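# Overview (structure and organization)
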Amino acid sequence: METMRDMMARHAQAGRVTWIGLRPARRAGMQPVAAAEIGAAGLEGDHGRPGKRAVTLIQAEHLPVIAGMLGRDAVAPEDLRRNLIVAGINLGALRGVEIRVGGARLLIETLCAPCSRMEETFGHGGYNAVRGHGGWCARVLEGGRVALGDGVVPH
């Protein structure tokens, strides 16, 4: 008989990185890049710091949901201020799980709550539109290169 643990460890497919962004300074605009090196403090060139919030990830499938809650056709990845947008695998099912993202190994640690900038970016109700869909924060276990199209695989 299959256990709940077995089912929770299985995913229909690997995910993939669809967008990479760097925040060179606090409150600075996001800069999309095709690839980046991930070190202990997160993506090189980003203003992150070591620890459980070194890298931020958000589910690509949540962008249309956020847009719908805002009454828009779409939202731009850079508006959400996350480092990596990932498609094809449920990041919520990876909490507490080590993942391989390109050449790096990360540990998905905690929900990434929206910041007050969502009201500035999206207007009235922007914060609540992102709430519950704001993504995840990860700790860097092993640095490495990440590029668009790289796999996101439980390790």
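All of these numbers come straight from a predicted model, not from anything done at the bench. (Residues numbered from 1 in each chain as written. Predicted model: local features only at pLDDT ≥ 70, side-chain atom pairs only at ≥ 80, totals over all residues. Heavy atoms only, no water.)

### Brief notes about the environment of R100
Applied cut-off: Numbering of helices and strands runs from the N terminus, with a helix taken as a DSSP run of H or I at least four residues long and a strand as a DSSP run of E at least two residues long. Partly exposed describes any residue whose relative accessible area lies between the buried limit of under 20% and the exposed limit of over 50%, with all areas from a 1.4 Å probe on protein chains only and scaled to the type maximum. We call two residues in contact whenever any of their non-hydrogen atoms come within 4.5 Å of each other. Two N or O atoms form a polar contact when they lie within 3.5 Å of each other; inside protein one atom must be a possible hydrogen donor and the other a possible acceptor, and for residues adjacent in sequence the pair counts only when both atoms belong to side chains.
Looking at where R100 falls in the secondary structure, it is placed in strand 7 (residues 98–101). R100 gets classed as partly exposed once you look at its relative accessible area, which sits at 24%. Each C-alpha atom, one on R100 and one on L57, is 13 Å from the other, the two residues being 43 residues apart in sequence. Each residue touching R100, except ones within four places of it in the same chain, is listed here: R105, E142, G151, V152, V153 and H155. A distance of 3.0 Å separates the side chain of R100 from the backbone oxygen of G103, its partner in a polar contact.

### Brief notes about the pairing of strand 8 (residues 104–111)
Formally: Only strands that DSSP links by at least two bridges are regarded as paired with each other.
Within strand 8, six of the eight residues are buried, which leaves the element mostly enclosed by the surrounding structure. With four bridges joining them, strand 7 and strand 8 adopt antiparallel strand pairing. Of the residues in strand 8, the one forming a bridge with V101 is A104. Between strand 7 and strand 8, which pair antiparallel and follow one another directly, the connecting turn spans two residues, one of which, G102, has a positive phi of 60°.

### Examining the pairing of strand 1 (residues 15–22)
Of all eight residues in strand 1, six are buried, a share of seventy percent or more. Relative to strand 11 (residues 151–154), strand 1 runs antiparallel, the two being bridged by two bridges. Bridged to R16 within strand 11 is G151. For strand 1 and strand 6 (residues 84–87), the ladder comprises four bridges, and the chain directions are antiparallel. Bridge assignment links I20 to a residue of strand 6, and that residue is L84. Two elements, strand 1 and strand 2 (residues 31–33), share three bridges in a ladder whose sense is antiparallel. Residue pairing in the sheet places I20 in a bridge with V33 of strand 2.

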